[in-house]
Amino acid sequence: MKGIRIYRLLFILSFLYLPTQAFSQETSVMIRAKAKDAKFIGSSIGGAKVLVKETLTGKILAEGITTGSTGNTEKIMKLDHKRGVDLSDNETAGFLAKLEIDEPKFVTVEVFGPVNKKQAVVLSSTQLWVIPGKNITGDGIVLEIPGFIVDILSPQTHERIDASAKIKLAANVVMMCGCPVTEDGIWDAHQYEVKAVITGQNDSKKEIELEQKEKASTFTAEVNLEKGLYELLIYAYDPLTGNTGVDKTNIIIN
């Protein structure tokens, strides 16, 4: 009998001293990146990079890329938003972080987007408590990504151009989700200021306004330059929302 009692005691103690990991629970947290004044950053633009870190230690608990569609344009951009009603649906871009935790964790969520456009990528972050077994779904954690993606199309980097030639300036300007900028569209080209700033070797500067005319999101202008080396910067600016974007390159005029 004594042996049985000892066995039972050891059996109970074995449960008391089980590693806490045995009681960890998978907890899901939906994380989304939404372009300021636009839609969600998803597969069509390459997504946004997501890192979920334990705040005190910096340990990465989950990481991935937001995938899916940019979302429902009507719901996001045209309809009034009501409390408790999700902007997203099952197809809308996001990253579902699955955390194995055994106690409440104070985490930092970092989103870098759009991850494939290095000159435009923006970091947005927040912090929150995640509690084991208490999933955060639906819209989940939505981080706003301000700005424009600006890509200089012409002239090309380090292009050599004859001084007698007209130089075509062209830039592609889209929202951070990839949504197009068009004349009188939802993202109206008339609302935005798009300019080229050309800097010469003697720090002389010339500013030229670009306009969107024929092709969606493509802003163009023409200019003549004297011989020399030049830095070309093209920026986009929205005076209503404060969105901004920049791209730069260098050219040679022979």
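Remember, predicted model here, so these are calculated numbers, not experimental data.

## Concerning the overall build of the protein
A count of helical and extended segments in the protein gives 2 helices and 16 strands. The C-alpha extent of the protein, read off along each of the three principal axes, is 105 × 40 × 25 Å. Contacts in the protein between residues at least 24 apart in sequence constitute 68% of all its contacts with a sequence separation of at least 6. Charge separation in the protein, taken as the distance between the mean sites of 29 positive and 32 negative side-chain charges, equals 9 Å.

## Focus: the side chain of Glu 54
Residue placement: Glu 54 occurs in strand S2 (residues 49-54). Only 3.2 Å separates the side chain of Glu 54 from the side chain of Lys 105, close enough to count as a polar contact. Residues within four places of Glu 54 in sequence aside, it is in contact with Lys 59, Leu 61, Lys 105 and Phe 106.

## Comments concerning the sheet that holds strand S14 (residues 218-223)
Reading across the sheet, the 4 strands line up as S8-S10-S14-S13 and stay open at both edges, with antiparallel pairing between neighbours. Two strands bound the open sheet, and with one partner strand each, they are strand S8 (148-154) and strand S13 (211-212). Here S13 runs beside S14; their pairing, made up of 2 bridges, is antiparallel. When the bridges of S14 are listed, Gln 212 appears paired with Phe 219.

## Describing the sheet that holds strand S15 (residues 228-237)
In spatial order, the strands read S9-S16-S15-S11-S12; together these 5 strands make up an open sheet with mixed pairing. Every other strand in the sheet has two partners, leaving strand S9 (160-161) and strand S12 (205-209) as the edge strands with one partner each. Bridge count for S9 against strand S16 (residues 244-253) is 2 bridges, and the pairing is parallel. If you follow Arg 160 over to S16, its bridge partner there is Ile 252.

## A few points about the environment of Ala 48
Residue placement: Ala 48 occurs in the loop between strand S1 (25-35) and S2. For Ala 48, a relative accessible area of 0% gives the class buried. A C-alpha to C-alpha distance of 18 Å links Ala 48 and Asn 243, two positions 195 residues apart in sequence.

## Examining the packing of aromatic side chains
Using the criterion set out here, one finds 2 aromatic pairs in the structure. Judged by centre distance (5.3 Å) and plane angle (50 degrees), the ring pair of Phe 106 and Trp 129 falls under tilted. Placement of the pair is Phe 106 in strand S5 (residues 105-113) and Trp 129 in strand S6 (residues 122-130), with a sequence separation of 23 residues. Among the residues examined, Phe 106 registers a relative accessible area of 31% and is labelled partly exposed. When its relative accessible area of 54% is taken as the criterion, Trp 129 is described as exposed. The interplanar angle of 70 degrees and the centroid separation of 4.9 Å between the aromatic rings of Phe 148 and Tyr 192 together place this pair among those described as edge-to-face. With Phe 148 in strand S8 and Tyr 192 in the loop between strand S10 (167-175) and strand S11 (193-199), this residue pair connects regions lying 44 residues apart in the sequence.

## Focus on the pattern of salt bridges
Using the criterion set out here, one finds 9 salt bridges in the structure. Between Glu 103 and Lys 105 there is a salt bridge whose closest N-O contact spans 3.9 Å. For Lys 105, a relative accessible area of 17% corresponds to the buried category. Lys 248 is paired through a salt bridge with Glu 231; the nearest N and O atoms lie 3.6 Å apart. A residue pair is termed long-range when its members are at least 10 positions apart, and Lys 248 in strand S16 and Glu 231 in strand S15 qualify at 17 residues. Take Glu 231: its relative accessible area is 28%, and that puts it in the partly exposed class. Each of the salt bridges in this network shares a partner with another, and the network as a whole consists of Glu 54, Glu 103 and Lys 105.

## Observations regarding unusual backbone geometry
Here the residue pair Gly 113 and Pro 114 is connected by a cis peptide bond, since its omega of -10 degrees sits within 30 degrees of zero. The step from Ser 154 to Pro 155 runs through a cis peptide bond, and the omega angle for that step is 0 degrees. The topology assignment puts Pro 155 in the loop between S8 and S9. Positive phi is not limited to glycine here, since Asp 203 has a value of about 65 degrees. Tracing the backbone shows Asp 203 in the loop between S11 and S12. Classification of Asp 203 by relative accessible area gives exposed; the value is 60%. Look at Ser 217: it is not a glycine, yet its phi comes out positive at around 70 degrees. Here Ser 217 shows up in the loop between S13 and S14. Ser 217 sits in the buried class, given a relative accessible area of 4%.

Conventions used here
- Residues numbered from 1 in each chain as written.
- Predicted model: local features only at pLDDT ≥ 70, side-chain atom pairs only at ≥ 80, totals over all residues.
- Heavy atoms only, no water.
- Helix = DSSP H or I, 4+ residues; strand = E, 2+ residues; numbered from the N terminus.
- Contact = heavy atoms within 4.5 Å.
- Lys, Arg positive; Asp, Glu negative; His and termini not counted.
- Charge placed at Lys NZ, Arg CZ, Asp CG, Glu CD.
- Polar contact = N/O pair within 3.5 Å; in protein donor to acceptor, adjacent residues only side chain to side chain.
- Pairing = 2+ DSSP bridges.
- Buried < 20%, exposed > 50% of the residue type's maximum accessible area, 1.4 Å probe, protein only.
- Phe/Tyr/Trp six-rings, centres within 6.5 Å; stacked < 30°, edge-to-face > 60°.
- Salt bridge = Lys/Arg side-chain N within 4 Å of Asp/Glu carboxyl O.

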